[in-house]
Amino acid sequence: MKYFDFEICGLKRKLPYVEVAENLALASFACLSDTELVQTVAPELVKRLPPVDYLMTAEAKGICLTYEM
């Protein structure tokens with residue numbers, strides 16, 4: 001299996017490539033169970049936001065990150 005090396009806020013992850021069509025693969029990223037990544041990245045993302053009253057997410061995998069923010 002091939003992996004994409006990913007680094008964010010000093011954390012390194014290996015994202016597996018998932019074939020989505022013939023000759024097309026995407027690096028699969030799911031932060032749902034990665035509490036270390038969520039707790040590290042959320043404060044950094046908040047620093048980049050303008051003042052807001054609400055945060056929303058479009059998919060279930062983003063709920064943990066949005067909640068932490």
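Below is a short write-up of the structure. (Residues numbered from 1 in each chain as written. Predicted model: local features only at pLDDT ≥ 70, side-chain atom pairs only at ≥ 80, totals over all residues. Heavy atoms only, no water.)

A few points about the environment of Glu 19
Tracing the chain through its elements places Glu 19 in strand 2 (residues 11-21). With residues up to four places along the chain from it excluded, the contact list for Glu 19 reads Leu 24 and Ala 25. (Helix = DSSP H or I, 4+ residues; strand = E, 2+ residues; numbered from the N terminus. Contact = heavy atoms within 4.5 Å.)

Let's talk about the sheet that holds strand 3 (residues 24-27)
Taking strand neighbours across the sheet as the criterion, the 3 strands line up as 1-2-3 in an open arrangement whose pairing is antiparallel. Either end of the sheet is taken by a strand with one partner, and the two such strands are strand 1 (3-8) and strand 3. In this sheet, adjacent strand axes meet at a mean angle of 35° when their direction is disregarded. Where strand 1 meets strand 2, 6 bridges bridge the pair, whose relative direction is antiparallel. For Phe 6, the partnering residue across the bridge sits in strand 2 and is Arg 13. Sheet contacts for helix 1 (residues 35-48): strand 1 and strand 2; angle to strand 2, the most-contacted strand, approximately 110°. (Pairing = 2+ DSSP bridges. Axes fitted to C-alpha atoms, helices over the stretch in contact; angles between N-to-C directions.)

Some remarks on the pattern of salt bridges
Overall, the coordinates contain 4 salt bridges when judged by the stated rule. Note that Lys 47 is salt-bridged to Glu 44, the shortest N-O span being 3.0 Å. Of this pair, Lys 47 and Glu 44 both sit in helix 1, separated by 3 residues, roughly a single helical turn. One network of salt bridges, in which partners are shared, links Arg 13, Asp 34 and Glu 36. (Salt bridge = Lys/Arg side-chain N within 4 Å of Asp/Glu carboxyl O.)

Focus on the nonpolar core
Soluble, globular proteins show a tendency: their nonpolar side chains are buried together. Counting 7 residues, the largest nonpolar core consists of Leu 11, Cys 31, Leu 37, Val 38, Val 41, Ala 42 and Leu 65. Here the element with the most residues in this core is helix 1; it accounts for 4 residues. When sequence neighbours within four positions are dropped, the list of residues in contact with Cys 31 reads Leu 37, Val 38, Lys 61, Cys 64 and Leu 65. (Core = buried A, V, L, I, M, F, W, Y, C linked by side-chain atoms within 4.5 Å. Buried < 20%, exposed > 50% of the residue type's maximum accessible area, 1.4 Å probe, protein only.)

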